[in-house]
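This is what each chain is made of:
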Amino acid sequence: MDDFRKSSATTDSFVLAKRPVGAPVLSDFKRISSPVIQELKENEVRVHGLYYSVDPAEWNVGEVVKSEVVARVAESKSSQFRVGELVIGEFPWSTESVVLSDKVRKIDIQKAFASEYLGVLGQSGLAAYFGLVEIGKPIAGETLVISGASGAVGSLVGQIGKLFGCRVVGITSSEIKMKFLTAHLGFHASLNHLSDHFSEELEQACPNGIDIYFDDVGGSLSDSVMKWMNHLSRVVICGQISSVCSEATVSGKRIESVLLNRSILMQGFRVSDYEKKVPAANLKLTEWLTDGKIESTETILRGFDRLPEASSPHMKASKLGKMIVKAEDWL
Ligand SMILES: NC(=O)c1ccc[n+]([C@@H]2O[C@H](COP(=O)([O-])OP(=O)(O)OC[C@H]3O[C@@H](n4cnc5c(N)ncnc54)[C@H](OP(=O)(O)O)[C@@H]3O)[C@@H](O)[C@H]2O)c1
């Protein structure tokens, strides 16, 4: 474990230079170089980024972008971390960072690949698990519909739904992604929400109506889904990706009467709501992953330079599962 990179004189970072309109484009980011911090203080750890999670998040303009990062310890002033160990934490998009030891967790690469700690064993896996199990409360034979189904969270929700015996229908945005969901992940049906006949196709794919709608997307897509929700069904609001970075005020048909007349439960959540249940959920997700009951889908771009590109709309349109950037000088 002594092949870690030596600290260089400067560290490179990506700053959000201006507020994106819709999904971020390359020109929304600026690369900066700054001198490295030379001397660590007590309980600080110097880390070098290895795998960077690229998420549909809103960042602050003028600040270095942050996300979950798997990194290697390059120097440590903490008794808990040794040089060479692999760790994870919410770190800046920088080649090198100095962080407090209580913001860093070790990862175990005997259990899973390092990158999987950003996806199935990270926030995506926990969001899929808690949203579906705690709010969706799946029962065998029920119909589960997922929007953003080919994404990091959606692709896991469908796989977990299958383990509970649900009929799983994924809503996605291209023929290739539809095929991936059914032929590769074994979803029972998949649909393209950009199809002119989406509503009819959804009705056909859900002959018994919808019992659980796991929503990553929101907006007009969700309005179409609400039409087919069953009595006593559940709507899990995980994300509203269609309105991230959008300033538009959305108005339209209200759904409250549908919720009322069909006794539908609609609930949003944050993974942090279930903090105490995280160890048990992680154990379950690790067990399913190790037993081959769920699989991790990742789109990995190689090269720290490619972080802005990984966030861009054209990359998002083609990616499957979790979007990750791997620092290029790690093999
Ligand atoms: N509640 C929580 O604690 C929690 C935790 C983690 C994530 N989230 C949220 O969950 C959602 C999914 O996260 P993720 O990590 O799975 O993201 P992701 O990997 O980027 O996947 C999101 C998927 O949504 C679809 N999509 C993207 N932009 C869209 C648009 N403008 N209109 C319609 N569909 C669009 C795409 O799927 P298709 O091409 O297949 O349609 C995309 O792959 C996000 O909103 C995220 O913020 C919430």
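Residues numbered from 1 in each chain as written. Predicted model: local features only at pLDDT ≥ 70, side-chain atom pairs only at ≥ 80, totals over all residues.

### Some thoughts on the sheet that holds strand β13 (residues 265–268)
Read across the open sheet, the six strands follow the order β10-β9-β8-β11-β12-β13; overall the sheet is parallel. With one partner strand each, in any of the chains shown, β10 (189–192) and β13 form the two edges of the open sheet. This sheet shows a mean twist of 15° between the axes of neighbouring strands, independent of strand direction. Bridging between strand β9 (residues 167–172) and β10 involves four bridges; their strand directions are parallel. Considered in β10, the bridge of Val-169 is made with Ala-189. Each of β8 (143–147), β9 and β11 (210–215) touches helix α2 (residues 152–163); the most contacted strand, β9, lies at about 170° to it. (Pairing = 2+ DSSP bridges. Helix = DSSP H or I, 4+ residues; strand = E, 2+ residues; numbered from the N terminus. Axes fitted to C-alpha atoms, helices over the stretch in contact; angles between N-to-C directions. Contact = placed C-beta atoms within 7 Å.)

### Details of the packing of helix α1 (residues 123–136) against α2
For the pair α1 and α2, the least separation of the axes is 8 Å and the interaxial angle reads 45°. When the interaxial angle is binned, α1 and α2 end up oblique. For the element pair α1 and α2, the recorded crossing hand is right-handed. Contacts from Ser-124, Gly-125, Ala-127, Ala-128, Tyr-129, Gly-131 and Leu-132 in α1 reach Ala-152, Val-153, Leu-156, Val-157, Ile-160 and Gly-161 in α2. In terms of residue class, the contact of α1 with α2 is made up of nine nonpolar, four polar and no charged. (Parallel < 35°, antiparallel > 145°, perpendicular 65-115°, else oblique. Left-handed = near helix turned anticlockwise from the far one by under 90°. Nonpolar A, V, L, I, M, F, W, Y, C, P; charged D, E, K, R; others polar.)

### Digging into the site of the ligand
Lining the immediate surroundings of the ligand are 26 residues, of which Gly-148, Ser-150, Gly-151, Thr-172 and Gly-239 lie closest. Of the residues in the shell around the ligand, the class split is 11 nonpolar, 10 polar and five charged. If you count residues domain by domain, the shell around the ligand takes at least three from each of domain 1 (10–118 + 297–326) and domain 2 (123–273). (Near = placed C-beta within 6 Å. Domains from an automatic or database assignment.)

### Let's talk about the domain arrangement of the protein
Domain boundaries assigned for the protein yield domain 1 (10–118 + 297–326) and domain 2 (123–273). Placing the centre of domain 1 and that of domain 2 at their C-alpha centroids yields a distance of 29 Å. Across the boundary between the two partners, domain 1 contributes 10 residues, which contact 11 residues of domain 2. Taken together, the residues of the side of domain 1 that touches domain 2 sort by class into four nonpolar, three polar and three charged.

### Considerations on the pairing of strand β4 (residues 66–76)
Burial runs high along β4: eight of the 11 residues are buried. The pairing of strand β3 (residues 44–53) with β4 spans seven bridges and is antiparallel. If you follow Val-47 over to β4, its bridge partner there is Val-73. Examined bridge by bridge, β4 and strand β5 (residues 86–92) share seven bridges and lie antiparallel to one another. Of the residues in β5, the one forming a bridge with Glu-68 is Glu-90. (Buried ≥ 20, exposed ≤ 12 C-beta atoms within 10 Å, placed from the backbone.)

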